[in-house]
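Observations on the three-dimensional arrangement
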Number of protein chains: 2
Amino acid sequence: MRDAFLQAAIDEAQKGLAQGGIPIGSVLVIDGKIVGRGHNQRVQQGSAILHAEMHCFEQAGRLSPADYKKATLYSTLSPCDMCSGTALLYGIPKIVIGENQTFQGPEAYVRSRGVELSIVQDEECIKMMQDFIAAAPELWFEDIGKI
Amino acid sequence: MRDAFLQAAIDEAQKGLAQGGIPIGSVLVIDGKIVGRGHNQRVQQGSAILHAEMHCFEQAGRLSPADYKKATLYSTLSPCDMCSGTALLYGIPKIVIGENQTFQGPEAYVRSRGVELSIVQDEECIKMMQDFIAAAPELWFEDIGKI
(Lines give C-alpha, C1' and ligand atoms only; values in the text may rest on other atoms or scores of the structure.)
Protein backbone atom coordinates (compact mmCIF):
# COMPACT_ATOMS: atom_id res chain seq x y z
CA MET A 1 0.00 0.00 0.00
CA ARG A 2 1.24 3.43 -0.97
CA ASP A 3 2.31 5.98 1.66
CA ALA A 4 -0.59 8.40 2.24
CA PHE A 5 1.64 11.45 1.82
CA LEU A 6 3.07 10.22 -1.48
CA GLN A 7 -0.52 9.57 -2.54
CA ALA A 8 -1.37 13.17 -1.67
CA ALA A 9 1.53 14.33 -3.86
CA ILE A 10 0.26 12.13 -6.72
CA ASP A 11 -3.23 13.61 -6.24
CA GLU A 12 -1.66 17.06 -6.68
CA ALA A 13 0.14 15.91 -9.85
CA GLN A 14 -3.12 14.60 -11.28
CA LYS A 15 -4.89 17.84 -10.41
CA GLY A 16 -2.20 19.68 -12.39
CA LEU A 17 -2.60 17.30 -15.35
CA ALA A 18 -6.38 17.82 -15.35
CA GLN A 19 -5.71 21.58 -15.58
CA GLY A 20 -3.53 21.08 -18.67
CA GLY A 21 -0.37 21.43 -16.60
CA ILE A 22 2.79 19.43 -15.96
CA PRO A 23 1.92 16.43 -13.74
CA ILE A 24 4.26 16.84 -10.81
CA GLY A 25 2.95 17.20 -7.26
CA SER A 26 4.36 17.77 -3.81
CA VAL A 27 3.37 17.99 -0.16
CA LEU A 28 5.22 19.23 2.91
CA VAL A 29 4.65 17.29 6.12
CA ILE A 30 5.37 18.41 9.69
CA ASP A 31 4.53 16.33 12.76
CA GLY A 32 2.47 13.92 10.67
CA LYS A 33 0.35 16.63 9.08
CA ILE A 34 0.34 18.12 5.59
CA VAL A 35 1.14 21.83 5.96
CA GLY A 36 1.48 22.63 2.25
CA ARG A 37 0.46 21.15 -1.09
CA GLY A 38 1.42 22.14 -4.59
CA HIS A 39 1.67 21.22 -8.23
CA ASN A 40 3.64 22.63 -11.13
CA GLN A 41 2.23 25.99 -12.25
CA ARG A 42 4.19 26.67 -15.46
CA VAL A 43 1.12 26.43 -17.66
CA GLN A 44 -1.58 27.50 -15.21
CA GLN A 45 0.15 30.63 -13.88
CA GLY A 46 2.75 31.12 -16.63
CA SER A 47 5.32 30.64 -13.89
CA ALA A 48 9.05 30.11 -14.38
CA ILE A 49 9.65 29.18 -10.74
CA LEU A 50 6.56 27.39 -9.45
CA HIS A 51 7.66 23.80 -9.79
CA ALA A 52 5.50 21.53 -7.64
CA GLU A 53 7.85 21.72 -4.64
CA MET A 54 8.14 25.52 -4.90
CA HIS A 55 4.37 25.87 -5.10
CA CYS A 56 4.11 23.59 -2.09
CA PHE A 57 6.62 25.67 -0.06
CA GLU A 58 4.77 28.83 -1.06
CA GLN A 59 1.36 27.40 -0.15
CA ALA A 60 2.76 26.36 3.25
CA GLY A 61 3.48 30.04 3.89
CA ARG A 62 6.15 31.61 6.07
CA LEU A 63 7.31 28.96 8.55
CA SER A 64 9.90 29.22 11.30
CA PRO A 65 13.37 27.77 10.73
CA ALA A 66 12.57 25.29 13.53
CA ASP A 67 9.47 24.04 11.69
CA TYR A 68 11.37 23.38 8.47
CA LYS A 69 13.94 21.38 10.37
CA LYS A 70 11.37 18.74 11.30
CA ALA A 71 9.66 18.66 7.91
CA THR A 72 9.58 15.98 5.22
CA LEU A 73 9.14 17.02 1.61
CA TYR A 74 7.32 14.62 -0.72
CA SER A 75 7.56 14.97 -4.47
CA THR A 76 6.37 12.71 -7.26
CA LEU A 77 9.64 13.39 -9.14
CA SER A 78 13.30 13.82 -8.19
CA PRO A 79 13.68 17.52 -7.24
CA CYS A 80 15.64 19.66 -9.71
CA ASP A 81 18.47 22.05 -8.79
CA MET A 82 16.02 24.79 -7.81
CA CYS A 83 13.76 22.66 -5.65
CA SER A 84 16.69 20.79 -4.09
CA GLY A 85 18.30 24.14 -3.34
CA THR A 86 15.15 25.31 -1.59
CA ALA A 87 15.13 22.19 0.59
CA LEU A 88 18.79 22.89 1.42
CA LEU A 89 18.10 26.57 2.21
CA TYR A 90 15.51 25.57 4.78
CA GLY A 91 17.37 22.58 6.15
CA ILE A 92 14.66 20.05 5.27
CA PRO A 93 16.10 16.81 6.67
CA LYS A 94 14.23 14.28 4.52
CA ILE A 95 12.80 14.10 1.00
CA VAL A 96 10.61 11.24 -0.25
CA ILE A 97 10.82 11.00 -4.05
CA GLY A 98 8.20 9.19 -6.14
CA GLU A 99 10.66 8.35 -8.89
CA ASN A 100 13.97 9.38 -10.48
CA GLN A 101 13.77 7.34 -13.70
CA THR A 102 12.46 10.05 -16.03
CA PHE A 103 14.49 12.89 -14.44
CA GLN A 104 17.14 13.02 -11.76
CA GLY A 105 18.07 16.12 -9.79
CA PRO A 106 21.38 16.65 -7.95
CA GLU A 107 20.75 13.78 -5.52
CA ALA A 108 24.39 13.05 -4.69
CA TYR A 109 25.01 16.69 -3.80
CA VAL A 110 21.85 16.90 -1.71
CA ARG A 111 22.86 13.75 0.18
CA SER A 112 26.38 15.21 0.68
CA ARG A 113 24.70 18.15 2.45
CA GLY A 114 23.13 15.75 4.96
CA VAL A 115 19.64 15.27 3.55
CA GLU A 116 18.07 11.80 3.65
CA LEU A 117 16.54 10.84 0.29
CA SER A 118 14.09 8.00 -0.06
CA ILE A 119 13.45 6.94 -3.68
CA VAL A 120 10.20 4.98 -4.04
CA GLN A 121 10.23 4.26 -7.83
CA ASP A 122 6.44 4.31 -7.84
CA GLU A 123 5.08 2.89 -11.10
CA GLU A 124 2.27 5.45 -11.36
CA CYS A 125 4.72 8.34 -10.91
CA ILE A 126 6.97 6.93 -13.62
CA LYS A 127 4.09 6.39 -16.05
CA MET A 128 2.65 9.88 -15.47
CA MET A 129 5.95 11.46 -16.47
CA GLN A 130 6.68 9.08 -19.36
CA ASP A 131 3.26 9.82 -20.87
CA PHE A 132 3.62 13.56 -20.30
CA ILE A 133 7.13 13.81 -21.77
CA ALA A 134 6.05 11.84 -24.86
CA ALA A 135 3.01 14.10 -25.30
CA ALA A 136 4.65 17.51 -24.65
CA PRO A 137 8.43 17.29 -24.93
CA GLU A 138 8.97 21.03 -25.56
CA LEU A 139 7.02 22.03 -22.47
CA TRP A 140 9.01 19.51 -20.46
CA PHE A 141 12.35 20.76 -21.78
CA GLU A 142 11.33 24.33 -20.96
CA ASP A 143 10.50 23.26 -17.41
CA ILE A 144 13.96 21.80 -16.86
CA GLY A 145 15.85 24.43 -18.88
CA LYS A 146 17.12 22.00 -21.48
CA ILE A 147 17.47 22.80 -25.16
CA MET B 1 31.56 54.14 -11.54
CA ARG B 2 29.09 51.36 -10.69
CA ASP B 3 27.82 48.93 -13.34
CA ALA B 4 24.36 50.09 -14.48
CA PHE B 5 22.85 46.64 -14.00
CA LEU B 6 24.19 46.31 -10.45
CA GLN B 7 22.77 49.79 -9.83
CA ALA B 8 19.39 48.55 -11.09
CA ALA B 9 19.59 45.66 -8.62
CA ILE B 10 20.43 48.10 -5.80
CA ASP B 11 17.46 50.24 -6.85
CA GLU B 12 15.27 47.14 -6.48
CA ALA B 13 16.72 46.46 -3.02
CA GLN B 14 15.99 50.04 -1.94
CA LYS B 15 12.46 49.77 -3.29
CA GLY B 16 12.00 46.69 -1.10
CA LEU B 17 13.41 48.48 1.94
CA ALA B 18 11.04 51.43 1.40
CA GLN B 19 8.16 48.90 1.43
CA GLY B 20 9.28 47.55 4.81
CA GLY B 21 10.87 44.52 3.16
CA ILE B 22 14.26 42.83 3.10
CA PRO B 23 16.66 44.97 1.03
CA ILE B 24 17.90 42.54 -1.59
CA GLY B 25 17.43 43.20 -5.29
CA SER B 26 18.10 41.44 -8.56
CA VAL B 27 17.91 41.90 -12.31
CA LEU B 28 18.22 39.45 -15.20
CA VAL B 29 20.01 40.72 -18.31
CA ILE B 30 19.91 39.25 -21.82
CA ASP B 31 21.67 40.83 -24.82
CA GLY B 32 22.38 43.99 -22.83
CA LYS B 33 18.78 44.50 -21.74
CA ILE B 34 17.04 43.99 -18.41
CA VAL B 35 14.35 41.34 -18.96
CA GLY B 36 13.33 40.91 -15.31
CA ARG B 37 13.62 42.80 -12.02
CA GLY B 38 12.79 41.73 -8.51
CA HIS B 39 13.21 42.28 -4.82
CA ASN B 40 12.64 40.08 -1.81
CA GLN B 41 8.89 39.61 -1.14
CA ARG B 42 8.89 37.84 2.24
CA VAL B 43 7.23 40.73 4.03
CA GLN B 44 5.27 42.29 1.16
CA GLN B 45 3.67 39.08 -0.17
CA GLY B 46 4.21 36.82 2.86
CA SER B 47 6.31 34.68 0.54
CA ALA B 48 8.58 31.81 1.57
CA ILE B 49 10.17 31.52 -1.87
CA LEU B 50 10.30 34.98 -3.43
CA HIS B 51 13.87 35.94 -2.66
CA ALA B 52 14.98 38.80 -4.91
CA GLU B 53 16.42 36.49 -7.56
CA MET B 54 13.30 34.28 -7.57
CA HIS B 55 11.05 37.32 -7.91
CA CYS B 56 13.27 38.49 -10.76
CA PHE B 57 13.05 35.13 -12.57
CA GLU B 58 9.28 35.13 -12.07
CA GLN B 59 8.89 38.70 -13.32
CA ALA B 60 10.94 37.78 -16.41
CA GLY B 61 8.26 35.22 -17.23
CA ARG B 62 8.60 31.97 -19.15
CA LEU B 63 11.77 32.17 -21.24
CA SER B 64 13.24 29.65 -23.62
CA PRO B 65 16.17 27.48 -22.49
CA ALA B 66 18.27 29.25 -25.17
CA ASP B 67 17.49 32.68 -23.66
CA TYR B 68 18.57 31.63 -20.18
CA LYS B 69 21.86 30.36 -21.57
CA LYS B 70 22.90 33.86 -22.63
CA ALA B 71 21.64 35.61 -19.49
CA THR B 72 23.52 37.26 -16.65
CA LEU B 73 21.91 37.37 -13.21
CA TYR B 74 22.72 40.35 -10.98
CA SER B 75 22.03 40.23 -7.26
CA THR B 76 22.97 42.64 -4.48
CA LEU B 77 23.80 39.64 -2.24
CA SER B 78 25.43 36.24 -2.73
CA PRO B 79 22.62 33.91 -3.91
CA CYS B 80 21.46 31.31 -1.36
CA ASP B 81 21.00 27.59 -2.07
CA MET B 82 17.54 28.18 -3.57
CA CYS B 83 18.50 31.04 -5.86
CA SER B 84 21.79 29.41 -6.86
CA GLY B 85 19.87 26.23 -7.64
CA THR B 86 17.50 28.17 -9.88
CA ALA B 87 20.43 29.65 -11.80
CA LEU B 88 21.81 26.12 -12.19
CA LEU B 89 18.45 24.73 -13.34
CA TYR B 90 18.31 27.25 -16.16
CA GLY B 91 22.00 27.13 -17.03
CA ILE B 92 22.65 30.82 -16.33
CA PRO B 93 26.34 31.18 -17.28
CA LYS B 94 27.25 34.24 -15.20
CA ILE B 95 26.19 35.83 -11.90
CA VAL B 96 27.33 39.28 -10.73
CA ILE B 97 27.12 39.51 -6.94
CA GLY B 98 27.04 42.83 -5.08
CA GLU B 99 28.64 41.39 -1.97
CA ASN B 100 29.23 38.16 -0.04
CA GLN B 101 30.44 39.63 3.26
CA THR B 102 27.15 39.50 5.18
CA PHE B 103 25.99 36.19 3.67
CA GLN B 104 27.59 33.66 1.38
CA GLY B 105 25.70 31.09 -0.66
CA PRO B 106 27.18 27.87 -2.12
CA GLU B 107 29.62 29.72 -4.36
CA ALA B 108 32.22 26.96 -4.66
CA TYR B 109 29.56 24.46 -5.72
CA VAL B 110 28.06 26.88 -8.23
CA ARG B 111 31.50 27.51 -9.73
CA SER B 112 32.12 23.75 -9.86
CA ARG B 113 29.01 23.51 -12.07
CA GLY B 114 30.58 25.90 -14.58
CA VAL B 115 29.02 29.22 -13.60
CA GLU B 116 31.19 32.36 -13.63
CA LEU B 117 30.76 34.40 -10.45
CA SER B 118 31.89 37.99 -10.21
CA ILE B 119 31.96 39.37 -6.66
CA VAL B 120 31.93 43.16 -6.58
CA GLN B 121 32.04 43.82 -2.79
CA ASP B 122 30.06 47.00 -3.29
CA GLU B 123 30.13 49.15 -0.14
CA GLU B 124 26.50 50.22 -0.45
CA CYS B 125 25.35 46.60 -0.79
CA ILE B 126 27.34 45.62 2.31
CA LYS B 127 25.99 48.52 4.36
CA MET B 128 22.37 47.89 3.34
CA MET B 129 22.58 44.33 4.64
CA GLN B 130 24.59 45.19 7.78
CA ASP B 131 22.02 47.81 8.74
CA PHE B 132 19.10 45.52 7.95
CA ILE B 133 20.48 42.51 9.85
CA ALA B 134 21.18 44.70 12.90
CA ALA B 135 17.65 46.14 12.76
CA ALA B 136 15.68 42.92 12.07
CA PRO B 137 17.74 39.84 12.89
CA GLU B 138 14.75 37.48 13.29
CA LEU B 139 13.34 38.37 9.89
CA TRP B 140 16.76 37.86 8.37
CA PHE B 141 17.21 34.46 10.04
CA GLU B 142 13.78 33.40 8.81
CA ASP B 143 14.75 34.39 5.27
CA ILE B 144 17.83 32.17 5.30
CA GLY B 145 16.28 29.35 7.35
CA LYS B 146 18.67 29.74 10.27
CA ILE B 147 17.67 29.35 13.90
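Residues numbered from 1 in each chain as written. Chains lettered and ligands numbered in written order. Predicted model: local features only at pLDDT ≥ 70, side-chain atom pairs only at ≥ 80, totals over all residues. Heavy atoms only, no water.

Identification of chain A as tRNA-specific adenosine deaminase from Alishewanella tabrizica is taken from an unreviewed UniProt entry.

Note on the copies: chain A fits chain B at an RMSD of 0.0 Å, the axial shift is 0.0 Å, and the rotation between them is 180 degrees. Taken together, these values place the two copies in the relation of a two-fold axis. Most of the interface of chain A is mirrored in chain B, where 100% of its interface residues again form contacts. (Least-squares fit on C-alpha atoms with pLDDT ≥ 70 in both. Contact = heavy atoms within 4.5 Å.)

What follows covers the pattern of salt bridges. For the structure on display, the rule yields 20 salt bridges over all chains. In this structure, the salt-bridge partner of Arg-42 of chain A is Asp-143 of chain A, at a minimum N-O distance of 2.5 Å. With Arg-42 of chain A in helix α2 (residues 42-45) and Asp-143 of chain A in helix α8 (residues 137-143), the pair connects residues that are 101 residues apart, well separated along the chain. Each of the two residues, Arg-42 of chain A as well as Asp-143 of chain A, counts as buried. For Arg-62 of chain A, the salt bridge identified is with Glu-142 of chain B, shortest N-O distance 2.7 Å. Taken together, the residues span two chains, with Arg-62 of chain A in the loop between α3 (52-60) and α4 (65-68) and Glu-142 of chain B in helix α8 (residues 137-143). Of the residues examined, Arg-62 of chain A reaches a relative accessible area of 36% and is grouped as partly exposed. (Salt bridge = Lys/Arg side-chain N within 4 Å of Asp/Glu carboxyl O. Helix = DSSP H or I, 4+ residues; strand = E, 2+ residues; numbered from the N terminus. Buried < 20%, exposed > 50% of the residue type's maximum accessible area, 1.4 Å probe, protein only.)

This paragraph deals with the interface of chain A and chain B. Accessible area lost during the coming together of the parts is what is often quoted as the interface size. On the side of chain B, 37 residues touch chain A, which itself brings 37 residues to the contact. Around 3000 Å² of area is buried between chain A and chain B when both sides are counted, 60% of it from carbon and sulfur atoms. Of all residues in chain A, Ile-49, Arg-62 and Leu-89 of chain A bury the most surface against chain B, accounting for 24% of the area lost on that side. Between chain A and chain B we count four salt bridges in total. Our enumeration of links across chain A and chain B arrives at 19 residue pairs in polar contact (both at pLDDT 80 or more). Residue assignment for the side of chain A that touches chain B shows that the elements contributing at least two residues are α2, α3, α4, α5 (81-89) and α8 of chain A. Of the residues belonging to the side of chain A that touches chain B, the class tally is 21 nonpolar, seven polar and nine charged. (Buried area = accessible area lost by both parts, 1.4 Å probe. Polar contact = N/O pair within 3.5 Å; in protein donor to acceptor, adjacent residues only side chain to side chain. Nonpolar A, V, L, I, M, F, W, Y, C, P; charged D, E, K, R; others polar.)

Another point: the pairing of strand β4 (residues 94-97) of chain B. Residue and element names in this part refer to chain B. Relative to β4, strand β3 (residues 71-75) runs parallel, the two sharing four bridges. The partner of Ser-75 across the bridge, within β4, is Ile-97. Of the strand pairs in this sheet, β4 and strand β5 (residues 116-119) are connected by four bridges, and their pairing is parallel. Looking across to β5, one finds that Ile-97 is bridged to Ile-119. Taken together, β4, helix α6 (residues 107-112) and β5 constitute a β-α-β crossover, and its handedness is right-handed. (Pairing = 2+ DSSP bridges. Right-handed = clockwise from strand over helix to strand, strands pointing away.)

A few words on the sheet that holds β3 of chain B. Residue and element names in this part refer to chain B. With respect to topology, five strands assemble into an open sheet ordered β2-β1-β3-β4-β5, the strand pairing being mixed. Unpaired on one side and paired on the other, β2 (33-39) and β5 mark the two borders of the sheet. Across the sheet, the mean angle from the axis of one strand to that of its neighbour is 15 degrees, orientation sign disregarded. Of the pairings in the sheet, the one linking strand β1 (residues 25-30) to β3 comprises five bridges and is antiparallel in character. Note on β3: the bridge partner recorded for Val-27 is Tyr-74. Packed onto the sheet, helix α1 (residues 4-18) meets β1, β2 and β3 and runs at close to 145 degrees relative to β1. (Axes fitted to C-alpha atoms, helices over the stretch in contact; angles between N-to-C directions.)

Time to look at the environment of Thr-72 of chain B. Residue and element names in this part refer to chain B. On the secondary structure map, Thr-72 appears in strand β3. Distance from Thr-72 to Val-29, taken between C-alpha atoms, is 5.2 Å for residues 43 residues apart in sequence. When residues no more than four places from it in sequence are discounted, the contact partners of Thr-72 are Val-27, Leu-28, Val-29, Lys-94 and Val-96.

Once that is clear, we can look at the state of the cysteines. Counted by the stated rule, this structure contains zero disulfides over all chains. Not part of a disulfide, Cys-125 of chain A finds its nearest cysteine sulfur in Cys-56 of chain A, a span of 15 Å. (Disulfide = S-S within 2.5 Å.)

This part is about the environment of Leu-117 of chain B. Residue and element names in this part refer to chain B. Considering the arrangement of structural elements, one finds Leu-117 in strand β5. Accessibility expressed as a relative area gives 11% for Leu-117, which makes it buried. Residues Leu-117 and Pro-79, spaced 38 residues apart in sequence, show a C-alpha to C-alpha distance of 10 Å. If near-sequence neighbours (up to four positions away) are discounted, Leu-117 is found in contact with Ile-95, Ile-97, Glu-107, Val-110 and Arg-111.

Per the stated rule, a full pass over the model turns up eleven aromatic pairs over all chains. Ring centres 3.5 Å apart and planes at 0 degrees place the aromatic pair Tyr-109 of chain A and Tyr-109 of chain B in the stacked group. With Tyr-109 of chain A in helix α6 (residues 107-112) and Tyr-109 of chain B in helix α6, the pair connects residues from two separate chains. Relative accessible area serves as the criterion here: at 18%, Tyr-109 of chain A is assigned to the buried category. On the numbers, 5.8 Å between centres and 90 degrees between planes, the contact of Phe-103 of chain B with Trp-140 of chain B is edge-to-face. (Phe/Tyr/Trp six-rings, centres within 6.5 Å; stacked < 30°, edge-to-face > 60°.)

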